[in-house]
Every structure is written in structure tokens, then in C-alpha cells.
There are 2 protein chains.
Amino acid sequence: MEFRFASRMTQVKSSVVRDILKLTQGSDIVSFAGGLPAEELFPVQAVREAADRAISAGTSALQYGLTEGYLPLREQLCVRMAQKGMNVKPEEMIITTGSQQAISLLVQVLTEPGDTVLVERPTYLACLQVFELHGLKVIAAESDEHGMIPEDVERLVRLHKPKFMYAVPTFGNPTGNVWSLERRQQLLQICVNHQVPIIEDDPYGELKYDEKAAYPTLFALDQQLGSGVVIYTSTFSKTVAPALRTGWAIGDARVIKMLAVAKQAADLQSSTMDQQILSQLLAHFPLDDHIRVISESYGDRMREMQNLIRAQKIEGLHWIEPKGGMFLWVELPEGLDAEALLRVAVSKGVAFVPGSAFYAYDPKRNTARLNFTHNKGARTVLGVERLAEAIREFTARS
Amino acid sequence: MEFRFASRMTQVKSSVVRDILKLTQGSDIVSFAGGLPAEELFPVQAVREAADRAISAGTSALQYGLTEGYLPLREQLCVRMAQKGMNVKPEEMIITTGSQQAISLLVQVLTEPGDTVLVERPTYLACLQVFELHGLKVIAAESDEHGMIPEDVERLVRLHKPKFMYAVPTFGNPTGNVWSLERRQQLLQICVNHQVPIIEDDPYGELKYDEKAAYPTLFALDQQLGSGVVIYTSTFSKTVAPALRTGWAIGDARVIKMLAVAKQAADLQSSTMDQQILSQLLAHFPLDDHIRVISESYGDRMREMQNLIRAQKIEGLHWIEPKGGMFLWVELPEGLDAEALLRVAVSKGVAFVPGSAFYAYDPKRNTARLNFTHNKGARTVLGVERLAEAIREFTARS
């Protein structure tokens, strides 16, 4: 049988994230590639107790549930959102299979093939894959350490009238960057003025190394304006565990309703079991204390990796110290192609993601994303040594 | 903010299944509508033990996993598939969020908007919604009690060259019908001759009332031919529990690879937790014994409902006794519109799905799907009484 595949499938270049996840499984390679949380910090006992409570609470934990998600969980999440200045009702929220699904469904609901969408440069690679798969044209606005450049965004919005802007304003992936309050307000205002919906993706916002730092979300700022332009999405993948595949989106009730229609066709609903486990966990486990513990540990790991890289004294290596999240975004010596470097690095036993994967076009080739949350201690030491060796060998060669 | 939704969203008529599931939650209505398994038969203790084993086995149960699915689960499923005459390797299988997601991803991978697909008349309503959402043209072939009519399928295949044929050959939804071996062979041969891929959806195949009856799948028959035209999908939703949202698709490795690309964009992966729970359950729980117990109970419930309906002596009511599955497909008295009847029925406290929901076009309006697995005893008695009362009131009125 010769299958004829849809043209959208043949447009997809490659499946970088998947290949990365494969790299990290069952080999001796030290992987700074995947965005994996630290396994030893998973709240295993709390999940076990929550699972037991969910299964004991009645057979509904094993039955079909609503496409929109388990109502008690949505109610609990509304309380958590309100604590962050985002005031929504359960009907303004939908539970999804990770925030990845929220993005994918938003694309289905808001765009036609051929439409243009606006992203930060660089941006999350798996969202680029979704856009590509749906035949969208991606335009990217420049950014600096304070966030996207308002003038560039305004220019591109006027020129292309994008169907939405996608952004990770707090501890971005891949850069780890956090937008300043001023930039948030400016960028929000531009989108309000031009009526461009914003998809605010916030998987990392709770992983702050400085507990007292406050980064109001675009959604919260927009509620003060009352415009309703922002659709916000987040996930338990980084704060509890990725395996439970539970994310959520909040926003205008009409958008949420459309997302539910699209989700019903996509998979009817996300796991009732996982949603009820999380609902029990939120009721009986001090999640915010846990988030403080992992954030502190991730801050330590970030500084540890920074110090190890510094100690290698590699000329031409630059980065901005992140204030949260899971990634160090490194500029390699001028002219060094990170994709080529990766091949050498893997042969030495270390992996990372070449920065080019995070650009829709015109990539900055001498960049790399290093994850520092999944390894620690001796493994990180070994990984950085191997990486430094690879860079030295590579620069000596070229 | 005025959101502009994609044209695909405005084409979707309504969300019947979702509205049905809402009907069944927290009201006093006896619902014969949703396709809900019997909660009291869920293997609660086995799931609890499996969850405990999965969480105790290591932190991988809480971590990200492969898009294709948890490898040990795929290996176990390959063994189960082989027992049914379907011989595949793990790389010819992908785990999905229920078989609904498998269908949705197959549509993304195999079709462009505007393409034509072929279904049985009537067919599963949530697949019609997927096709509608993706802008597909649906053509439906007539069927009788032995399955789709080969001559009609051949005619439509020649005329429309559909991108695939979608079918539920064993205990179909909504009809409960099972295709004869001869029909299976004929229909398979037509699709092989014309190189039309078949999506064989088999959520109910294991729910046989006659344990000894054998219904070889189209996939198994096709493996004897060696054509590779069939992609088969099934789920644990009806045999273990819907809440775990775990289905799978098997077929040509190139198709599976494309499905993985599409799935990565859709949600990265299905719940690792749920997959590991099912893997532990398969290793330690006699699932086939359990399936025999539920099948026997469902057979009893089917006969109970039949007897109750017969006892009401409603003229012009017809159905064919199903040999498995979860549904009774009822032909109502000539001229009676089941959608109108539903409104009366709900006011009396009973719900069902009007047959029209299962037709892509030109619906047979005097048909209804009754689920008999979710209720039993006094509830079924009450529901059938209310339904009979509604029909009498309705026919008296009109």
C-alpha cells in the first residue's frame, strides 16, 4: 500500500523535540537538551496519596467526564489564578493535555491555513511545529533583555495583521528571559489597539529564583484594562509532574467554548484520573511550599552550571543569567554552528538543543539552549566538561 | 475584543456528544444516551494496585515519555494483538488519548480539507464531527444486518475515490451490528483493489455476549493478504476504564511515524501515568477474565432492556438483537421524529440519542440509540417506562 500523506505532513521539517526526548532515554549521554524537570524533586508521596484518594472517592475517577475538564479542579485552579491577579470563572477555563494541547487547539480555533501569526525571536520550538503543521506563516519580532521590542511588534502588526501573537513573557523558552513591567504594558497596549489576540504561554512563571519577585501576567494586566485580548495557558508539568499531562487555558468564554468543540473532536477529554489526582493533591498538599523548594533547587542548579561553564574559560561564550525557569541560553563563539557542534558533542557524550530550532527563519546559528534542571552535581560537572571539550575541539578544527 | 473564529469552527453544527455527557451528570434523568460503561464493574482495586505499583516502580511514571507511547505497554499490547491474529511490532503502534485521538490524527495525516471520506450509514457521531471540523466531504454507503453493502461501497469508491473508508465492523456504534466474515472479505478486497486505506475502529470488539464467537478483524484478514491497507484502532475505555484515556493505533510503520509527528504537535504525548498504570494492570490482573465478566453482564442488561421494551407492546418499534457492544438501535414508529421525541422524553426524565446524529446527511429520523450498559435493574425499568410514556404521548399528539 502506498499511502498519500497530507501536504501539511510533508512540510514538517523534522521532529526535534521528539528526537531530543529519544536521546535522553536509556543512554549514557548527559542531556542538557530536553526540558525535563528534576525527577528526584517529584512529589511522589503526595501523588501516591492523591491517587489513592481519587480512586477511593468513588468510581467517577474512572468514568468519562466533561470535555471542559473536571469541575472541582477548574474551581481550585480559579482560586490559584485569582491569587495571581487573574479572575476567571470555571466556564472561562478549559483543562487540556498539557499546555501544548491548548496551543494546538487555539491554532485550530483562531486560524486558517495561510494566516500569519507573530512570535518572539527566538521562541518555543514545539509551537513553531504546530504553526508549521497548520500551514501558518510565522513572523518573528526582535527582542532584547527586557522583552519583545515594541516598535518592531507595532511595525509587524501593521504590516501583517497577524491572527494572534504568541509569547512566553516570564522565563521564556529558550532564552529564560523575563519581560519588564514597562514592556508588558507597552506590548499589551499595542495588541489592544490593533485587536490582536495574545496567547500568553506561562509554563515556567512559578519557577522564580527570587521568591519575592513579582511578574504580573499579561492576562492580569489586561483584566485591569478590561479588553479581553489575552488567552493565558499554563500547566502542572513543571510544578507537579509532566506525566499527568494536565494544563489549562483561560480567557473569553466564547473562545473557551470553541476550544471545547475542538477538543471534543481531538480526544473527547483529558484523563479524568489525572485531573482527579491533581484535584486531590491541591486539596491536601501544600503545592506552593513545594514550588518554593523546586525553584530554590533550580536556582542552585542554574548557578552551579554557570560557575562550571565560567571555570572552563571558553572565549566568546556569553549568556544572561536567568531569574527563573529551566534554561540557560548561550551565545557561542562567533561563527560556530551549534548544529554542527551538537554532532561532536553527542560523540563526546553530551547533548543540548541548537538554537536554530527556536527560530522560524534566519536562525542565529551560534546559539544553544542548555537545560540545567534535570542534572546536578557530578552529572552536570561531567556534561559541562564534555561540552567544553567539544567546543574546544570544534574551534581548533575550524 | 471581537474574536474572529476559523471558518472550520463555524461549520460545526453542534456538539451532540458533549451535550449528552452534560445531560448525564448530576441530574435525575435516566440516561440511555451516553456510551458510558457500568461504573460498578470498573476494576477499581486492580487500578488502585496498578497505580501504586506504577508510582513505586520509579519516578519515570511522573516524567515525560515518548510521543509514541510507553514502550513496555506497546510490547504488552503487541502480545494482545497477536492473540487476535494481528501481528505487529511496537514501532507499528502508537498510544493515543483514547481511540478518538487516533481518528483525529489519522484525519490530519491522510487528508486535506475538501477531500472525501467514506463511512457506513449510520456511523459513529464523534467521527462525523472530526470530519466536519477538518472540512471533509463525507459519503455514506448503505448497510444491512451483514455489514456495508459491497456493491454500494464499490460504486461510491469508483465515483468519489475517497481518501479512506472509516468503519466499525464489530458491534458498530450506533447499530450494534456485526459484519459477516463474507462481507469483511468482500469489503476488504474492494479497498485493496482500489487502494483505499481502511480505518478500522474497534472499541467494542472484545465485548462479545457469546464468548466463543469469533469475528476476525479486517486488520487480521488483511495481514493474510499482505496488503497493509488497514489501520486499526482500539481502546481500554470499554474494557478497563474510560478515565485513563488510553487507546492505540496499529498499521504501516510510515503511517505510525506520521501520526507521531502530528501527535507531538497536538499534545507531545498521552499521560505517562495512565500508560504505566495500564502496563502494571496488564502484568498483574487477569484482564481477559474481567472482560468476560463485563461482557456477560452487558449481555444480561441488553436482554433485560429488550424484554422491558417488548413488555410495553409499542406498535411499530423494531430492532435487531445485538451480539455485543453497548447499544440497541431502535426503529421507532414510521413518521416519528426522534429529535422531537427527545424533548418530550427529557421532560419525562429519560434521555437517548436521536438517530439523526449518526447520519452525515439524509438522516433516518425515526431511529434512536439506546445505551443499556450504564443502567440496570430499577433504573432501566424506570427509564423504559418513561420512554414508553413519551412515545405514547407523542404518537397520541401527532
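Definitions and cut-offs
Residues numbered from 1 in each chain as written. Chains lettered and ligands numbered in written order. Predicted model: local features only at pLDDT ≥ 70, side-chain atom pairs only at ≥ 80, totals over all residues. Heavy atoms only, no water. UniProt positions renumbered as here; feature names shortened; annotations may be inferred. Helix = DSSP H or I, 4+ residues; strand = E, 2+ residues; numbered from the N terminus. Salt bridge = Lys/Arg side-chain N within 4 Å of Asp/Glu carboxyl O. Buried < 20%, exposed > 50% of the residue type's maximum accessible area, 1.4 Å probe, protein only. Pairing = 2+ DSSP bridges. Axes fitted to C-alpha atoms, helices over the stretch in contact; angles between N-to-C directions. Right-handed = clockwise from strand over helix to strand, strands pointing away. Least-squares fit on C-alpha atoms with pLDDT ≥ 70 in both. Contact = heavy atoms within 4.5 Å. Phe/Tyr/Trp six-rings, centres within 6.5 Å; stacked < 30°, edge-to-face > 60°.

Visitor: How do you make sense of the UniProt feature "domain: Aminotransferase class I/classII large" (unreviewed entry) in chain A when you look at a structure like this?
Guide: Feature annotation in UniProt places "domain: Aminotransferase class I/classII large" (unreviewed entry) on residues 40–376 of chain A, given in this structure's numbering. Strand forms 16% of residues 40–376 of chain A and helix 43%; the C-alpha atoms that close the span are 10 Å apart.

Visitor: How do you make sense of the pattern of salt bridges when you look at a structure like this?
Guide: Residue and element names in this part refer to chain A. Counted under the stated rule, the structure contains 42 salt bridges over all chains. E389 is the partner of K348 in a salt bridge, and the nearest nitrogen-oxygen pair spans 3.4 Å. Here the residue K348 occupies a position in helix 13 (residues 338–348), and E389 occupies one in helix 14 (residues 377–397), the gap between them amounting to 41 residues. Owing to a relative accessible area of 21%, K348 belongs among the partly exposed residues under this scheme. Taken together, the shared-partner salt bridges connect R80, K84, E206 and D288 into one network.

Visitor: How should the sheet that holds strand 4 (residues 137–141) of chain A be read in this particular structure?
Guide: Strands pair in a sheet through their backbones, by hydrogen bonds, and they do so in one of two ways: parallel or antiparallel. All names here are of chain A. Strand order in the open sheet formed by seven strands is 2-10-9-8-7-3-4, and the pairing between neighbours is mixed. Of all strands in the sheet, those bounded by a partner on one side alone are strand 2 (93–97) and strand 4. When the angles between neighbouring strand axes are averaged without regard to direction, this sheet yields 25°. Pairing geometry for strand 3 (residues 116–120) and strand 7 (residues 165–167), over two bridges, is parallel.

Visitor: What am I meant to see in the pairing of strand 3 (residues 116–120) of chain B here?
Guide: A regular strand places its side chains so that they alternate between the two faces of the sheet. Residue and element names in this part refer to chain B. Burial within strand 3 is extensive, with five of its five residues counted as buried. Residue alternation in strand 3 divides its side chains into two sets, T116, L118 and E120 and V117 and V119, and both sets are buried. Relative to strand 4 (residues 137–141), strand 3 runs parallel, the two sharing five bridges. Paired with T116 across the strands is K137, a residue of strand 4. Between the parallel pair strand 3 and strand 4, the chain is carried across by helix 6 (residues 125–133), and the sense of this crossover is right-handed.

Visitor: What am I meant to see in the sheet that holds strand 11 (residues 318–319) of chain B here?
Guide: Residue and element names in this part refer to chain B. The strand order across the open sheet formed by four strands is 11-12-15-14, and the pairing between neighbours is antiparallel. Pairing within the sheet leaves two strands with one partner each, and these edge strands are strand 11 and strand 14 (353–354). Pairing geometry for strand 12 (residues 327–331) and strand 15 (residues 367–371), over five bridges, is antiparallel. If you follow W329 over to strand 15, its bridge partner there is R369.

Visitor: Hey, could you run me through the relation of the copies chain B and chain A in this one?
Guide: Of the transformation placing chain B onto chain A, the axial shift is 0.0 Å and the rotation is 180°, giving an RMSD of 0.0 Å. What the superposition gives is, in effect, a two-fold axis relating one chain to the other. In this assembly, 100% of the residues forming the interface of chain B have copies in chain A that are likewise at the interface, indicating an isologous arrangement.

Visitor: Got a minute to help me understand the packing of aromatic side chains in this structure?
Guide: The way to describe two aromatic rings as a pair is by their centre distance and the angle between their planes. All told, the structure shown has 18 aromatic pairs over all chains when counted by the stated rule. Ring geometry for B:W329 against B:F358: centres 5.9 Å apart, planes inclined by 90°, an arrangement best described as edge-to-face. With B:W329 in strand 12 and B:F358 in the loop between strand 14 and strand 15, the pair connects residues that are 29 residues apart, well separated along the chain. Residues B:W329 and B:F358 agree in their burial class; the two are buried. Of the aromatic side chains, those joined through ring pairs into one cluster are A:F131, A:F164 and A:Y166.

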